[in-house]
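Residues per chain, in single letters:
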Amino acid sequence: MKPSVDAGPPRAHPLSNKREMDKRREFMNIEFDNKLMLERLAKVVQNKSIDNEIHKSVEMHARFKKKLILTKKRIEMQKLTEENQRILKRIQEVPPAYNHLEWEEDARRKEHIKRCMALYPEYYERVDKEKDEKKRQTKMQSTGQLTLSSK
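Residues numbered from 1 in each chain as written. Predicted model: local features only at pLDDT ≥ 70, side-chain atom pairs only at ≥ 80, totals over all residues. Heavy atoms only, no water.

A. Up close: the overall build of the protein. Helix and strand counts for the protein stand at 4 helices and 0 strands. Ordering the α and β elements of the protein from the N terminus gives α-α-α-α. Out of the 151 residues in the protein, the part that is buried amounts to 1%. Summed over all atoms, the accessible surface of the protein reaches about 16,200 Å², with 59% contributed by carbon and sulfur. (Helix = DSSP H or I, 4+ residues; strand = E, 2+ residues; numbered from the N terminus. Buried < 20%, exposed > 50% of the residue type's maximum accessible area, 1.4 Å probe, protein only. Areas by Shrake-Rupley, 256 points an atom, 1.4 Å probe, with all protein chains shown as cover.)

Given below as structure tokens:
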């Protein structure tokens, strides 16, 4: 016989296998008990052998609480809308700080100055003609629509 070296994994200790078997057996017992319990519960629910229905007074109380919560929310919303309306009224009553008529007049003056200073006044003449044509077209369309609707 020749000498040789054992390079394989060490042999398992015989007691460790027994522990694993015990754990598996325990786990299987628990699973079996759970399955039995579920079957029993299913039978009880199907046969209605237990009074598992909600009592009417409890159900009425739950509906009342729900209604109460809804009315509280509705009252809060009414208060918020009233407050918002008051704030809006206060805002609308404040006189404006800017005068839009002055702004328009100022814009007209600045436009006149810009046209007087322009290097190419022909550009502004062309822009004015285009604006006049658009105004004429819109007037013609609106009067055309009026004549069609009056027929």
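Once you've had a look at it, read on.
B. Quick look at the pattern of salt bridges. Per the stated rule, a full pass over the model turns up 8 salt bridges. The shortest N-O distance in the salt bridge between Lys110 and Asp106 comes to 3.5 Å. Of this pair, Lys110 and Asp106 are both found in helix H3 (residues 100-117), 4 residues apart, which corresponds to roughly one turn of the helix. A relative accessible area of 29% places Asp106 in the partly exposed class. Connected via shared salt-bridge partners are Glu111, Lys114, Arg115 and Asp128. (Salt bridge = Lys/Arg side-chain N within 4 Å of Asp/Glu carboxyl O.)

C. Representation of a nonpolar patch on the surface in the model. A cluster of nonpolar side chains, Met37, Leu38 and Leu41, forms an exposed patch at the surface whose accessible area comes to about 320 Å². Counting through the fold element by element, Met37 comes out in helix H1 (residues 14-47). Judged by relative accessible area, Met37 falls into the partly exposed class, the value being 47%. (Patch = residues over 30% accessible without salt bridge, like charges linked within 9 Å, V, L, I, M, F, W, Y side chains within 5 Å.)

D. Structural context of H3. Taking 1.5 Å of rise per residue, 18 residues should cover 26 Å, and H3 covers 26 Å from first to last C-alpha, within 8% of that figure. Counting buried positions along H3 gives 0 out of 18 residues, so the element sits mostly on the surface. Between a side-chain oxygen at the N-terminus of H3 and the backbone nitrogen of Leu101 the separation is 3.1 Å; the capping residue is Asn99. (Expected span 1.5 Å × (residues − 1). Polar contact = N/O pair within 3.5 Å; in protein donor to acceptor, adjacent residues only side chain to side chain.)

E. Inspection of the packing of aromatic side chains at higher detail. Applying the stated rule across the entire model yields 2 aromatic pairs. Here Tyr98 and Trp103 contribute two aromatic rings whose centre-to-centre distance is 5.4 Å and whose plane-to-plane angle is 40 degrees, an arrangement assigned as tilted. There is no split in this pair, since Tyr98 and Trp103 are both exposed. A ring pair is formed by Tyr123 and Tyr124, whose centres lie 5.3 Å apart and whose planes are at 75 degrees; its orientation type is edge-to-face. (Phe/Tyr/Trp six-rings, centres within 6.5 Å; stacked < 30°, edge-to-face > 60°.)

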